[in-house]
Amino acid sequence: MNIATPPASLRPWSEEEWRIRCDLAALYRLCAHHRWTDWIFTHISARVPGPEHHFLLNRYGVMHHEMRASDLVKIDIEGNPVDEHPGWDGSGELVNKAGFVIHSAVHAAREDAHFVIHTHTRDGIAVSAQKHGLLPISQHAMKYYGHLAYHDYEGIALDEDERVRLVADLGTHNAMILRNHGLLVCGPSAAQAYDELYYLERACSAQVAALAGGAELVIPPPSVCEHAAWQFRRPGGEHVRAIAWQAALRLIEGGPDWRS
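Structural notes, computed from the coordinates. Keep in mind that this is a model prediction, so the values were computed, not measured. The residue count restarts for each chain, going from 1 along the sequence in the order it is written. Predicted model: local features are reported for residues with pLDDT of at least 70 only, side-chain atom pairs are reported and counted for 80 or more only, and whole-chain, interface and lining totals are derived from all residues. For side-chain calculations, the full set of non-hydrogen atoms in the structure is used, while hydrogens and water are omitted.

## What about the overall build of the protein?
- Going along the chain from the N terminus, every DSSP run of H or I of four or more residues is numbered as a helix, and every run of E of two or more is numbered as a strand. Check the secondary structure of the protein and you find eight helices and seven strands.
- As a reference, a globule follows 2.2 Å times the number of residues to the power 0.38, and the radius of gyration itself is taken over C-alpha atoms. Taken over the C-alpha trace, the protein has a radius of gyration of 18 Å; the compact-globule value for 260 residues is 18 Å, and the two agree within 12%.
- By its C-alpha atoms, the protein is 60 × 40 × 30 Å across when sized along the principal axes.
- Classification of residues uses two cut-offs on accessible area relative to the type maximum, computed with a 1.4 Å probe and protein chains only: under 20% is buried, over 50% is exposed, and between them is partly exposed. Burial status across the protein gives 47% buried among its 260 residues.
- Whether two residues touch is decided by their heavy atoms; if any such pair falls within 4.5 Å, the residues are in contact. Taking the intrachain contacts of the protein between residues at least 6 apart in sequence as the baseline, contacts between residues at least 24 apart amount to 68%.
- To be clear on the numbers: accessible area is Shrake-Rupley with a 1.4 Å probe, and residue cover counts the displayed protein chains and nothing else. A total of about 12500 Å² of accessible surface is found on the protein, and carbon and sulfur atoms cover 55% of it.
- When charges are counted, neither His nor the chain ends are considered; positive counts come from Lys and Arg and negative counts from Asp and Glu. To locate a charge, take NZ of a lysine, CZ of an arginine, CG of an aspartate or CD of a glutamate. On the protein, the mean spot of the 23 positive side-chain charges and the mean spot of the 32 negative ones are 6 Å from each other.

The structure is reproduced here in structure tokens:
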């Protein structure tokens, strides 16, 4: 991926941070492409390398389809901006408080969660409101058989005490359904986080459509579901995700560059 815009000499960030910013901005653009956005109220974040435990979050009010690497705000674990941000005079919210609570919880608890995506899509919310949760009725859903967490709704995520309960429910999983709220996924790379969200969103959409049809559902036996879940996690998957990520980036080429 070309990350030479703007020139390195004009960027106030390290090359490593710039790569992460570009990947994160691409995730925002891809969520817009797939219509996984909810106006200005959902978030994707990335951890910045270093002992400070800083991470990047979208500037409040910048739409997903507009996101650029330079628009991302670096904040500390308490939600405070750590760099000067162009155009911000210190008044109002630079980042969304609820986004900070959810994402900081996952980043602080999981060293492997370099990227975290949270969505409020129609089908994700619909499945989050169904008591039985995600059903193993599609191949996409099989990816999460035995590998999906749930967190009960506690209101708008403004209470920092909820962070303890949220990360306890997430455990070691990379995907979670937030009851009556939406979806959350994480991964060590942008490619893996995107892969997790893509399959989970597709699984939710398939379930909503199947239930709307009103016909009796076919649910494979547990042994088949477990086998399919293992197949999704067999060795070699990272290579496939890397190919898929490069293909996904071509979906957002041609417009204003996110690498700016």
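## Side note on the sheet that holds strand S5 (residues 149-151)
- Pairing is mixed in the open sheet, where seven strands are placed in the order S3-S2-S1-S4-S7-S6-S5. Because the sheet does not close on itself, it has two edges, and the strands there are strand S3 (73-75) and S5. Direction aside, the axes of adjacent strands within the sheet are offset by 20 degrees on average.
- Where strand S2 (residues 55-57) meets S3, three bridges bridge the pair, whose relative direction is antiparallel. Looking across to S3, one finds that Phe55 is bridged to Ile75.
- Where helix H5 (residues 162-170) meets the sheet, it contacts S5 and strand S6 (175-178), and its direction lies at approximately 160 degrees from that of S5.
- Axis angles are defined between N-to-C directions and span 0 to 180 degrees, where every axis is a line fitted to C-alpha atoms and, for a helix, only to the segment in contact. Across the sheet, helix H6 (residues 190-213) is in contact with strand S4 (115-119), S6 and strand S7 (182-187); its angle to S7 comes to roughly 150 degrees. Paired strands are those between which DSSP finds at least two bridges.

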